[in-house]
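Spelled out, the chains give:
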Amino acid sequence: MDELAGGIRRVTLPLPTRPGHVHSYLLPGEDGWIVVDTGLGLPDARDRWAAELHGLPGRVARIVVTHFHPDHVGAARDLAELTGAPVAQGRLDYEQCALVWGGDDWADVLVDWFHRHGVPDEVTSELVQQGSLYRPFIRYQPDPELLEPGDLVDGWLTVAAPGHADGQLMLHRDGTLVAADHLLDRISPTVGLWPRSRPDPLGDYLGALEATIALAPSLAVAGHGEPIADPAARARQLLEHHRERLEATASALGDEPRTGYDVSFPLFGSDLKASARRFAVAETLSHLERLVLEDVARRHETADGVTYTSA
Ligand SMILES: [Zn+2]
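Residues numbered from 1 in each chain as written. Predicted model: local features only at pLDDT ≥ 70, side-chain atom pairs only at ≥ 80, totals over all residues.

## Here's the deal with the sheet that holds strand β5 (residues 60-65)
Applied cut-off: When DSSP finds two or more bridges between a pair of strands, those strands are recorded as paired. A helix here means a DSSP run of H or I that spans at least four residues, while a strand means a run of E at least two residues long, and both kinds are numbered starting from the N terminus. For every residue pair, C-beta atoms are placed from the backbone, and the pair is scored as a contact if these atoms sit within 7 Å. For helices, the axis comes from a line fit to the C-alpha atoms of the stretch in contact; other axes are also lines fit to C-alpha atoms, and the angle between any two N-to-C directions lies between 0 and 180 degrees.
If you trace the 7 strands from one edge of the open sheet to the other, you get β1-β2-β3-β4-β5-β6-β7, paired in mixed fashion. The open sheet terminates on both sides in strands that have one partner only, identified here as β1 (2-3) and β7 (145-147). Across 4 bridges, the pairing between strand β3 (residues 21-28) and strand β4 (residues 33-36) is antiparallel. In the sheet register, L27 faces β4, and the bridge partner there is I34. The strands touched by helix α3 (residues 76-83) are β4, β5 and β6 (87-90); relative to β5, the strand with the most contacts, the crossing angle is about 170°.

Next comes the structure, spelled out in structure tokens:
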């Protein structure tokens, strides 16, 4: 466990896939510690957390899940059982969490949807296999306390950060932003369009970056990587990055209809494994949908699937 500024503590947990780690944060709250995010629910998650929390002065009063991705929500139930603390999660985020991880039809939904966007069978079947590998390590807490943006959690204000996940929440107090995966120091957070997600995740994300600049926090700590000393500057870099990516996406379109899968090649290259291609296609689609809303691209939907052309 590392000690950071403002009495915040950081726990770094392993991930089997890139970027190889995820951070949880312990925030000093009014009633005890708030643990933000939980890591994957790996078989040793509970023991690992017990070791991390051993000797911690004061009790864990609450667990907050910023968003439902496996590396953040995965060990929520283990940690709740270990500490007896209640879990809080955004209302919208919890809806999507239960939708994606709570049933067993999500893989079919995903496969149909990727087919409609031009992804071939061999890629979707590998993608389903990959997804089922993660499933046992997602032990979310059913019936959490549901949060809305603007709620106070033991003295910390929840702030909406849609884009990387529709219902992602950050926590803010005295200029310190616990940014989840909204801002990362070196990587550009993935912003994808997914089945049953909000219609314009990239537009949501660009708006959330503008809101971060207006909030002007003095420090951000994130789900991966090192603390960000100038969060507004990082937000401006990410805005610029997506403006460039939107231009690249627009120039990959013409009169010939192209699927999201087709367009992912000029944007992300041809040398991707199926698991990476899935994120590349989702990210390509979030850019294509933004271009449709900006009247730069057109979407064509038929029984066979979805394609895009220049407007
Ligand atoms: Zn993450």
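## What to know about the sheet that holds strand β11 (residues 176-178)
Read from one edge to the other, the open sheet built from 5 strands follows the order β8-β9-β10-β11-β12, with strand pairing classed as mixed. Either end of the sheet is taken by a strand with one partner, and the two such strands are β8 (152-153) and β12 (219-221). Pairing of β11 with β12, which is carried by 3 bridges, proceeds in the parallel orientation. Bridging across to β12, V178 finds its partner in V221.

## Details of the nonpolar core
Put simply, the test is: By convention the nonpolar core is taken to be a set of buried residues drawn from Ala, Val, Leu, Ile, Met, Phe, Trp, Tyr and Cys and joined through C-beta atoms within 7 Å. Buried, partly exposed and exposed are defined by the number of other C-beta atoms within 10 Å of a residue's own C-beta, namely 20 or more, between the two limits, and 12 or fewer respectively, with C-beta atoms placed from the backbone.
In terms of nonpolar packing, the biggest core is built from 57 residues, with L27, I63, A76, M170, V178 and A179 touching the most fellow members. Here this core takes 5 residues from helix α7 (residues 201-215), the largest share from any one element. Not counting residues up to four positions away in its chain, the partners in contact with A76 are T38, I63, V65, V87, R139, Y140 and Q141. W113, L127, L193 and A297 belong to the second-largest nonpolar core, a separate cluster that totals 18 residues.

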